[in-house]
Structure formats: structure tokens, C-alpha cells
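Given next are the chains, with one letter for each unit.
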Amino acid sequence: MAFTLDEGRAVDIGGKMYKKLFFIIALLSAVIGGGAQILAADATPSDKPKVEMLANVKPGDCAGCHKDAKVVPRKHVATQDLALKDCQGCHGAKEGGPDALPTTVPLGHLHALKGVACAQCHESGKPAPVSMTKCLTCHTDTKALAQKTATVQPTNPHESRHYGTEADCNLCHHQHKTSENLCAECHNFKFKVP
Amino acid sequence: MSRDHSQDGKVMDQYTRTVLEQGVSRRSFLSRTAAGATGLGMLGVTGCATADTATPTGAAGGDFGKSSDGGASLSFLPKPQSIADKDIATTLTFDVVVVGAGAAGVPAALSAAENGASVAVIQKAPFALSQGNTGSGILLANSDKAGVEAMISRIVADNCHRCNPALVRQWAYNSGEAVSWVIDRARQGGSPVISEGNAQHGDTLDVNGYKLDWVTAMFGPKPYTNGDGMRHLAVTAEKAGVKFFYNLPASQLVQSPSGDVQGVIAKSRDGQYTKFLARKGVIMATGDYQNNKAMSDYFIPDVKHMGRKQMGKTGDGFAMIYWAGGVIEPIGHTKMLHDFDAGPAPMCDMPFLAVNREGKRFVNETAEMSVLNNYLRDAKNAGHYCKVFDANYMTQAAKWPGKLFPPDALKNWMPEEPGPKKGVFNSLVNTHRADTLEELAKKLELDPPTFLATVKRYNELVASRKDTDFGKPAHLLVPVEKPPFYGIHHTVRISAICSGMLIDDTHCALNADGRPIKGLYVIGNLGGGFYGGVDYPLTVPGLSLGRCYTFGYLVGRQVAKS
């Protein structure tokens, strides 16, 4: 069973811009009780580097999926056994700054480092889009979420004149490619979107 | 297959006949793809396949796709899935069901309730939504009838003579009553709406020598808009008994075996279906489809690279009515692209030097803002242009159309100016001042050498008193030479697409035979026939919202009394 997820975009890691990547995630039979499998990409352009994203690789084991590609700075501490809270020991200090994890690592990686397994979102076992209601199983209700960002300037990104507090999370927050500041299509809101 | 295009003895008008012949319906799509496939030799040896056996392919159909049941479909109009009764969690029955709570839907619901109907409104968003500020109508008591007819003729002409005049006439003779009613009822809901009268209608108080008198609902100033206004109107509607169901997108219409529309099925975010049965009729008011990229590229490729002002307008109502047998107006829909936010709105049509994103002059600047999108359709320009003037603008442009704002007032539209701003969206203002043209170019995101060369050339034309590049009248040629310099960086984006479904003058949707689909009514930007030109005409400020209010008011009452 193969997952072909969104095209990975350029990711700025430690000030370096890396090439576009393709993430292919395989929901492994390991998750469901079998051994590890690697599955081929589905209709990805041949001139782009491919990354096989494997559910049985530890979230911090960059090389497990990225192979020899340098996705963290050369002098970075070993990431193999790190979980999200370990990363935040260094990266959490300046939220939104250049070292903050949410602006340097795709959100899907953060979920993985937090311990969220692929199948917790993609519960059908197929490469299907994940609905907003799935996000809300962990992130509580939309109004409570909007309260958390109520003081963000110049406006609350989770409460707008377009959608109230009910904008679909997926409009801005992407898991397997760089998230986007949808507001910036029209407004000069300089949000950093995890 | 023979087609009876007559409407029960009525002589069919030119507009309706044309849309039936050229519009997009399930039947026309099938027959056209069959014809296309035959032309390409893709139908097998007999060459006489019927529409039902045609097999459209990517090669034959372009953007056409196949629906999951194998039947042909436009890919952006997905066929509704069959929903079994056992999967319906709740069934509710009302006299009237309105789909969409906007500038047409909320007035329709309130109007129906005031005329004795039980009414439900199903709305995809968490509240009523609308845009713009101004909605206008003609007060008949103080207007010449010849003036009303002259106004109708002017609007029809500004629609390139391609609309259904009966609908324009219906707006003209009912809009004064409807807009006055909206103002009154919105106030009852707490709205600070201003009844502006003739203030915005200086150009249309006299049409061909005949007098007109206007009523204008001004839901403003910004950031208060018609969206807030419709939310206030919804308060009045709720008091009148209308039940609003928010966060609940409609997904398909319920039809009898003979095709009459009996209700709507809506699907909540968690996948629960609710069936709304309508004893008297379903009024569709779901707006346009500007956020449905495939559909937009198909019907109105002009705006492929243009930004969208609205969100979530995915054309749901088009798909629902199409699959109920309705007809979408032919390709080449009318578009509305404006920018009233970057600088003062009354200065937007002033013929100052205009440059595109390259920093080059591109037009005789007497062309109004509402048509400039046609020069800026490519991916690079994407609706961006700048109007440029110098320190003498208050005297040199004093007699130009519109209203000038002095330098101190212009600061309200300058993002660099600190302090609170009034009557604007802070995040959309884009006016700049600079002491040099190089500095202004940078602030306007233009290439300085190109921009400087353009200004130099323009000043030469001004000095010669002849615009040998674009032919702008000599009295409108003023130099850009005295600092400080000013520039307004406009970005026209899609406010609305205002072509829609084929309807008759009772706003009942028509099928491909030109016959009414009983129980199905269409208003607002989902309704066709009112426009038809390349661009929405700015003949009458507030025509768009005035039309939405008027048809909501009329159709709500009509369906309630049916």
C-alpha cells in the first residue's frame, strides 16, 4: 500500500535552502502487523529527487528516509533518537524566528516527532486527504484554538471575516509540503505558518 | 431528438433561445462531446452513436472527465452520489428552503417569512456572508418613467446588449421598494446602514434628459460592509421566524421522478446528512464560483491569473442545478474586477499616468478601473498597475471626474504612515509618496530605470500637447515632474463573477427544453441573464447588491405566496 503525498517544497533548514523534495510515505504493514516494505513512487516526475518516507523509521532518523541528502546543518547534534520535546530544547526559544522548528520543518515531521503515527491521520490506509475534523480530534474545537492566537498581530489568523473560526486547517497548514500564509494573497499579514 | 423550446405558448426571447442553444447543460454537454468525438473519429465504425453511447475522452473533451458511473460530466461539476434514506440522519420540512445566506439569500428568507412561509436557510459558512458596501434602487415616485426606461436601455447597452432585458426591467421597477425595505429591516437588526439617497448617483440623476431619484443602502464605511449588513438583516430574519443552519453546505437537490425539485440534502463537516424538504420551493443563492479553479478556467479563462477577493465560492449551486437539469450560461462569463482599497475610491477612475508591473505605460488612461483588468491578464501583471501623479495634482486634476483627496487625506491610504486609519482595510491600502521618482519606483515595486524612462517619455508627450502613444485628450495630459511624487499601487482582483444559470422572469430555473424546473428558483450571482458583457458595468453604483436585494425580496415573497 503506497502513499504519494504532496510535493515537498524548498525547506529552509538552518539558513540553507535545499532542493525540492518529493515525499512518499508508505504505511507499512509493520503498523498493521507485518514487516517493513518500501514502496515505489506513484507518477512522480523523474527529474526530481525522491524521498521514501517510511513509517517504520524513527521520526528523528533523517537518513532513514532522506538517505545521503543533507537535511540538517553539518554540525547539528545527532537526531536519530530525538523526539519533539528534545528538539524544542534548542529550537523552541524563539517561536517564529529563524531557528524555530515550525518554520523550518514540514508540519508532518513535527507530528511524527510528537509521536503521531501516519495511520492516526490517514486511518483509511490510503493516500487520501485528511479532513479538518481529524485535526480537531487532537486540537480541540475551533473557538478554543482561535483563543490561543487571539493576540497575534495584526489580526487573529484563526478568526477572519471570511470564515469566522471555521476556516479549514488544510487551507494554510500543510503536512508534507511547506505551509502557506493564505491571507497574504491579498493582505499584508506577515504570518509565519507552521 | 426533437426539442420543443417553447414555453407553454410564450414566444421565446433572444437571450433565452441563445442560452438554450449555446449554454452548458447535461444534455448539451453529452451531445457536444459526442459530436466532438465523432469529428475525431473516436466513436467506432458506425459513426452514428447516440449521445448516450458517446464516450468522451481526455483528447476529445479537454477538461471534460467521466463521472464515476461512466456517464459524461464536466470534471468540475461532479455528479452527486446517491444517498439512501437510511443515511439521512435528520429530515426537516419547511415551506421555503433558501440555500446560501448572502446579499440575495438573506433578503429572500426574510421576505418569504414576512409573507407567511416557514423558512430555513442553509449556509456553508458559519455566518451570513457578503461583500461590498452599496446597493441601489430607483424610487419610482420621483422619477420619470422615461428616465427609468432610459436607465434600463443604458444598462442593457453597458451589458453589450447580451442580457435578458426583462430582468433588468424587473430590477428597475422594483428596486426602490426592495432597497428601502432592506434598509429598514437591517436597521431593525441593529445595522448602522446609511440611507444615502442620490449622493453616489451624480451621473445618473439625469438620463437622456429624464429625471431619476435613487435610494442607496450604504453598509459602511469600511471595515463595516454588506457582510455585516446581512448579518444584521439575519437578526431581523431570525426574529421573523427564519431558521438558520450554519456550517452546513448543501450537497444536492431532491427531485421527484418527473424532475420537480422537492428539497435539498446538506452534509455537515462530520459527514451527517440532513434532508430539507420544501413544500413551496427551494431558492438557490449560493453565489459565484471564483474559487473553483477548473470551472473558472473553463468558463472565464480571462481571469486565470487574477487574484480572488472572496473565499469558499466553489460553485456548489451550479453543480447542483446542472445535475437537476439546469443550463449554465455559455462560456465567456461576465467578470467584476475592482480595487477600491489601495487608494481613495473616488480617485480610481482619474486619468493620471498609469503603468503596468513592468513600469511601462499600457493604456489611454481614460479607460476606467473596471476594465483595466483586460490589459493585465497575464501572469506577470495579474491585475497590478500604478497610477502616478506629482505635487501639483490638486490643481491640475481639479476638474477631472471623481473627487480628489488632498495630500494630508491621502495619508489614510499609506501603509507607511503611522497611526489609526479610517474607513479602510489597513491590510489593503497601497498608496505611496516619495521625494524622488527612483524612490517611488521602489515603493511601487517597479524597475526604477524602466519607470524613469516611462515618466520621461510621458512628460515629453505632455510638453508636446499630443499623446502620440495612446491618444489621450490633451487637456488630460499633466506632467509628473514636481516632488513629492505619489503613486497608488492598485491590484484589481475578482470581486464576483456574475453569470449564472438560465432562469425565466419568475427566477425559476429552466431545463434544456426551456421548461421550468418546478420548485427551483435562482437568485444573486448564481442567477443568469442580468449582465452578459465582458465586464460588470459601473453604470450605477450599487447595481450588483441592488439586484441581489431586489430579486431576493421579490422571489421570497413570490414563492411564499405560491
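Source: prediction; values computed, not measured. (Residues numbered from 1 in each chain as written. Chains lettered and ligands numbered in written order. Predicted model: local features only at pLDDT ≥ 70, side-chain atom pairs only at ≥ 80, totals over all residues. Heavy atoms only, no water.)

Caption draft 1: Summary view of the confidence of the model for chain B. All names here are of chain B. Here chain B averages 91 in pLDDT, and 90% of its residues register 70 or above. Taken together, the stretch residues 1–6 has pLDDT below 50 and engages in 14 contacts with residues farther than four places along the chain or on a different chain. Ignoring residues within four places in sequence, the model shows residues 38–70, a span with pLDDT below 50, making 36 contacts including any to other chains. With pTM at 0.85, the complex prediction returns an ipTM value of 0.75. (pLDDT = per-residue confidence, 0-100. Contact = heavy atoms within 4.5 Å.)

Caption draft 2: Just the pairing of strand S13 (residues 273–284) of chain B, in detail. Residue and element names in this part refer to chain B. By the criterion of burial, S13 is predominantly enclosed, with 9 of the 12 residues buried. Strand direction decides the pairing type here: strand S3 (residues 88–99) and S13, joined by 10 bridges, are parallel. Looking at S13, one finds that Phe94 is bridged to Ala278. Linking strand S12 (residues 261–267) to S13, which pair antiparallel, is a turn of 5 residues; within it Gly271 sits at a positive phi near 90 degrees. (Buried < 20%, exposed > 50% of the residue type's maximum accessible area, 1.4 Å probe, protein only. Helix = DSSP H or I, 4+ residues; strand = E, 2+ residues; numbered from the N terminus. Pairing = 2+ DSSP bridges.)

Caption draft 3: Inspection of the interface of chain A and chain B at higher detail. Facing 16 residues of chain A, the contacting portion of chain B comprises 19 residues. Across the interface of chain A and chain B, roughly 1400 Å² is buried in total on both sides, 56% from carbon and sulfur atoms. Contact with chain B buries surface across chain A, with Arg161, His162 and Cys186 of chain A losing the most and accounting together for 44% of the total. The interface formed by chain A and chain B holds 2 salt bridges in total. Ionic pairing is found between Asp228 of chain B and Arg161 of chain A, a salt bridge with its closest N-O pair at 2.8 Å. (Buried area = accessible area lost by both parts, 1.4 Å probe. Salt bridge = Lys/Arg side-chain N within 4 Å of Asp/Glu carboxyl O.)

Caption draft 4: Just the state of the cysteines, in detail. Across all of its chains, the model carries 0 disulfides over all chains by this definition. Cysteine Cys386 of chain B is unpaired, with the sulfur of Cys348 of chain B as its nearest cysteine sulfur at 15 Å. (Disulfide = S-S within 2.5 Å.)

Caption draft 5: Looking closely at the side chain of Thr274 of chain B. Secondary-structure assignment places Thr274 of chain B in strand S13. Leaving out residues up to four positions away in the same chain, Thr274 of chain B has contacts with Thr90, Leu92, Val264, Ile265 and Ala266 of chain B.

Caption draft 6: Region of interest: the sheet that holds strand S6 (residues 194–195) of chain B. All names here are of chain B. Taken together, the 3 strands give an open sheet; going across it, the order is S5-S9-S6, and neighbouring strands pair in antiparallel fashion. Edge positions in the sheet fall to strand S5 (134–138) and S6, since each has one partner strand and no second. Bridging between S6 and strand S9 (residues 214–218) involves 2 bridges; their strand directions are antiparallel. The partner of Ile194 across the bridge, within S9, is Met218. Where helix H6 (residues 165–188) meets the sheet, its contacts fall on S5, S6 and S9, and the angle it forms with S5 comes to roughly 130 degrees. (Axes fitted to C-alpha atoms, helices over the stretch in contact; angles between N-to-C directions.)

Caption draft 7: Local environment of the nonpolar core. Formed by 124 residues in total, the largest nonpolar core has its most connected members in Leu77 and Leu253 of chain B. Dropping the residues within four chain positions of it, Leu77 of chain B is found in contact with Met295, Phe318, Ala319, Tyr322, Trp323 and Ile328 of chain B. (Core = buried A, V, L, I, M, F, W, Y, C linked by side-chain atoms within 4.5 Å.)

Caption draft 8: Quick peek at the pattern of salt bridges. Applying the stated rule across the entire model yields 32 salt bridges over all chains. Across the salt bridge formed by Glu166 of chain A and Arg269 of chain B, the nearest N and O atoms sit 3.0 Å from each other. Remark: Arg269 of chain B occurs in the loop between S12 and S13 and Glu166 of chain A occurs in the segment after helix H7 (142–148); the pair is interchain, linking two chains. Among the salt bridges present, the one from Arg185 of chain B reaches Glu114 of chain B, with a minimum N-O distance of 2.6 Å. Linking Arg185 of chain B in helix H6 with Glu114 of chain B in helix H4 (residues 105–114), this pair joins segments that are 71 residues apart in sequence.

Caption draft 9: Highlighting the side chain of His384 of chain B. Residue and element names in this part refer to chain B. By secondary structure assignment, the location of His384 is in strand S16 (residues 384–389). Of the residues examined, His384 reaches a relative accessible area of 14% and is grouped as buried. Engagement of the side chain of His384 in a polar contact is seen with the side chain of Thr491, the distance being 3.4 Å. Once residues lying within four places of it in the same chain are set aside, the contact partners of His384 are Asn356, Arg357, Leu376, His489, His490 and Thr491. (Polar contact = N/O pair within 3.5 Å; in protein donor to acceptor, adjacent residues only side chain to side chain.)

Caption draft 10: Layout of the pairing of strand S21 (residues 516–522) of chain B. Residue and element names in this part refer to chain B. Burial runs high along S21: 5 of the 7 residues are buried. As judged from the 3 bridges shared by S13 and S21, these two strands associate in the parallel manner. Bridge pairing in S21 links Val282 to Leu520. Note that strand S20 (residues 508–510) and S21 share 2 bridges and pair antiparallel. Bridge pairing links Cys508 to Tyr521 in S21. Hairpin connection of S20 to S21: 5 residues between the antiparallel strands, including Gly514 at a positive phi of 80 degrees.

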